Amino acid sequence: MILDKFKLTGKIALVTGAGRGLGKAAAIGLAEAGADLALLGVGSTDQTAKQVAALGSRVCQIQADLLERSSVSLTVETCVRELGGIDILLNNAGIIRRAPLMEFSEKDWDDVIQINQSAVFFLSQAVARRMIDQGRGGKIINIASLLSFQGGIRVPSYTASKSAVVGLTRLMANELAPHNITVNAIAPGYMATDNTAALRADPKRNAEILGRIPAGRWGEPNDLQGAVVFLASEASNYITGYTLAVDGGWLAR
């Protein structure tokens, strides 16, 4: 049955940035499809864990800061110890810093590149090693952005990091395909999250953005659940190296 291909029963998913917004919604969607969850957050993931557990899934919580390279090995080791392995990785954690190009600081560059780009690479590398050792393949899903395709303004490190995510997704897909590991990315459109609070609070920018989105609204975190479950499931087994825009039609205009 085709619907069975979307089920994730018995799978173990690691979600970064799982405490709120897109990460929380994605974790709940994966649990609804049957997966057990490891939730990584620099802050509390209690609310996400509570909702995941209520769905009958096993859950473990990992508090770690991806600004620290040591958090990668800690995260993988904890997930494997608590849940028994890793089948799905969702690299969702990300930050943004805003300032004009000529005023952008070295710290704002380094912090964003570390979390949005370097942590994605090194966590994917560590998880892929585990997946290869397990011998049952796996799914890696990265969160890209509309700024993986466009330049934007006042967010140089974010644009650079999210452009890199698309390139890394393609490279990892090529190298990991022989191990039955698919690597894809999702590029969310303008979503109603903490990262866009400043834009939504600016009447002029808010109107400009809504005026370009064919769907006529800001996206909600739950709008990503279907794409995440699809790319985590058997239904997407022959898709790899692809970046799927979930943007209400923004890139089509």
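Computed from a predicted structure; not experimentally measured.

Rules behind the numbers
- Residues numbered from 1 in each chain as written.
- Predicted model: local features only at pLDDT ≥ 70, side-chain atom pairs only at ≥ 80, totals over all residues.
- Heavy atoms only, no water.
- 1 Å grid on protein atoms, 1.4 Å probe; cavity = no way out; pocket = protein on both sides within 12 Å on 5 of 7 lines; lining within 4 Å.
- Points joined across faces, edges and corners; volume = space filled by probe spheres on them.
- Helix = DSSP H or I, 4+ residues; strand = E, 2+ residues; numbered from the N terminus.
- Nonpolar A, V, L, I, M, F, W, Y, C, P; charged D, E, K, R; others polar.
- Phe/Tyr/Trp six-rings, centres within 6.5 Å; stacked < 30°, edge-to-face > 60°.
- Buried < 20%, exposed > 50% of the residue type's maximum accessible area, 1.4 Å probe, protein only.
- Lys NZ or Arg CZ within 6 Å of the ring centre and 35° of its normal.
- Pairing = 2+ DSSP bridges.
- Axes fitted to C-alpha atoms, helices over the stretch in contact; angles between N-to-C directions.

1. Regarding empty space enclosed by the protein
Tallied over the entire structure, the rule returns one cavity of 30 Å³ or more. The wall of the largest cavity is formed by T16, L66, N91, A93, I115, A119, V120 and L123. If you tally residues by element for the lining of the largest cavity, the top one is helix 4 (residues 106-134), at four residues. Broken down by class, the residue content of the lining of the largest cavity amounts to six nonpolar, two polar and no charged.

2. Here we look at the packing of aromatic side chains
By convention here, two paired aromatic rings are described through the distance between centres and the angle between planes. If you walk through the whole model with that rule in mind, you get four aromatic pairs. Centre to centre, the rings of Y190 and W218 are 5.7 Å apart; their planes meet at 90 degrees, and the pair counts as edge-to-face. Residue Y190 is found in the loop between strand 6 (181-188) and helix 6 (197-201), and its partner W218 is found in the loop between helix 7 (203-212) and helix 8 (225-232); the two are separated by 28 residues along the sequence. By relative accessible area, which is 10% here, W218 ends up buried. Following the ring pairs from residue to residue traces out a cluster consisting of Y190, W218 and W250. Sitting over the ring of W218, R200 keeps its end group 5.9 Å from the ring centre. R212 extends its terminal NZ or CZ atom over the ring of W250, reaching a point 4.2 Å from the ring centre.

3. A look at the sheet that holds strand 6
Taken in spatial order, the seven strands make up an open sheet running 3-2-1-4-5-6-7, and their pairing is parallel. At either end of the open sheet lies a strand with only one pairing partner, and these are strand 3 (59-63) and strand 7 (243-246). Adjacent strand axes in the sheet meet at a mean angle of 15 degrees, parallel and antiparallel pairs treated alike. In terms of strand pairing, strand 1 (residues 12-16) meets strand 2 (residues 36-41) through five bridges, oriented parallel.

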